[in-house]
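Overview (structure and organization)
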Amino acid sequence: MGNVTPPTNGQERRAARGVPAVGHPFPEQLDPRLLLRALTAFRRGDFSVRLPDDWTGLGGKIADAFNDVIDLNQRMAREVDRLSRVVGKQGKIAERGTLGAAPGLWAPPSGA
């Protein structure tokens, strides 16, 4: 096997999730194939996809941002579904949507 060291607990956890743990400290590096798989699943409407939350460094920041975007889109999809039922089926045209504590343009309008 050469110079391969036994996996640490973090490497074992990542390996169990299908994340390679060979040759470099993986949390510091983002595997573009894993990111592409997650983005492709998200594009298909799979809101259950997440990147690992134990990555550190730049890869960890990218994973956190990706997971936050997935969470926000999942909340938005639920709210659109709720609004379609309340307004479309129940006829409550005064109903308004909300995403709760969402940032930027997703935030509720001031005075709401």
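Residues numbered from 1 in each chain as written. Predicted model: local features only at pLDDT ≥ 70, side-chain atom pairs only at ≥ 80, totals over all residues. Heavy atoms only, no water.

The next point concerns the nonpolar core. Among the nonpolar cores identified, the biggest contains 10 residues, and these are L34, L35, A38, A41, V49, L51, W55, A63, F66 and I70. No other element matches the four residues that helix 2 (residues 32–43) contributes to this core. Excluding its chain neighbours within four sequence positions, the residues that come into contact with A41 are D46 and V49. (Core = buried A, V, L, I, M, F, W, Y, C linked by side-chain atoms within 4.5 Å. Buried < 20%, exposed > 50% of the residue type's maximum accessible area, 1.4 Å probe, protein only. Helix = DSSP H or I, 4+ residues; strand = E, 2+ residues; numbered from the N terminus. Contact = heavy atoms within 4.5 Å.)

The next point concerns the pattern of salt bridges. Here the structure, examined in full by the defined rule, presents four salt bridges. The partner of D31 in a salt bridge is R33, and the shortest N-O contact between them spans 3.4 Å. (Salt bridge = Lys/Arg side-chain N within 4 Å of Asp/Glu carboxyl O.)

Now for the packing of aromatic side chains. In this structure the tally under the stated criterion is two aromatic pairs. Grouping aromatic residues by their ring pairs yields a cluster made of F42, F47 and F66. (Phe/Tyr/Trp six-rings, centres within 6.5 Å; stacked < 30°, edge-to-face > 60°.)

In this section: the environment of A63. Secondary-structure assignment places A63 in helix 3 (residues 57–89). As a C-alpha pair, A63 and R50 span 13 residues in sequence and 7.9 Å in three-dimensional space.

Turning our attention to helix 3. The end-to-end C-alpha separation of helix 3 is 48 Å, in line with the 48 Å expected for 33 residues at 1.5 Å each. The complete set of buried residues in helix 3 reads G59, G60, A63, F66, N67, I70, L72, Q74, E79 and V86. Among the structural elements, helix 2 are those in contact with the buried residues of helix 3. Positive backbone phi, approximately 75°, marks G91, located one or two places after helix 3. (Expected span 1.5 Å × (residues − 1).)

Moving on, we come to the packing of helix 2 against helix 3. Contact geometry of helix 2 with helix 3 gives a least axis separation of 12 Å together with a crossing angle of 10°. When the axes of helix 2 and helix 3 are compared, the pair comes out roughly parallel. Within the contact between the two elements, helix 2 uses L35, A38, L39 and F42 and helix 3 uses F66, V69, I70 and N73. Residues that form the contact of helix 2 with helix 3 fall into these classes: seven nonpolar, one polar and no charged. (Axes fitted to C-alpha atoms, helices over the stretch in contact; angles between N-to-C directions. Parallel < 35°, antiparallel > 145°, perpendicular 65-115°, else oblique. Nonpolar A, V, L, I, M, F, W, Y, C, P; charged D, E, K, R; others polar.)

This paragraph deals with the side chain of E79. Positionally, E79 belongs in helix 3. For E79, the contacting residues outside a window of four places in its chain are R96, G97, T98 and L99.

The next subject is the environment of T98. Turning to its location among the elements, T98 is positioned in the segment after helix 3. The partly exposed category is assigned to T98, whose relative accessible area is 45%. Sequence separation between T98 and L83 is 15 residues; the distance between their C-alpha atoms is 9.7 Å.

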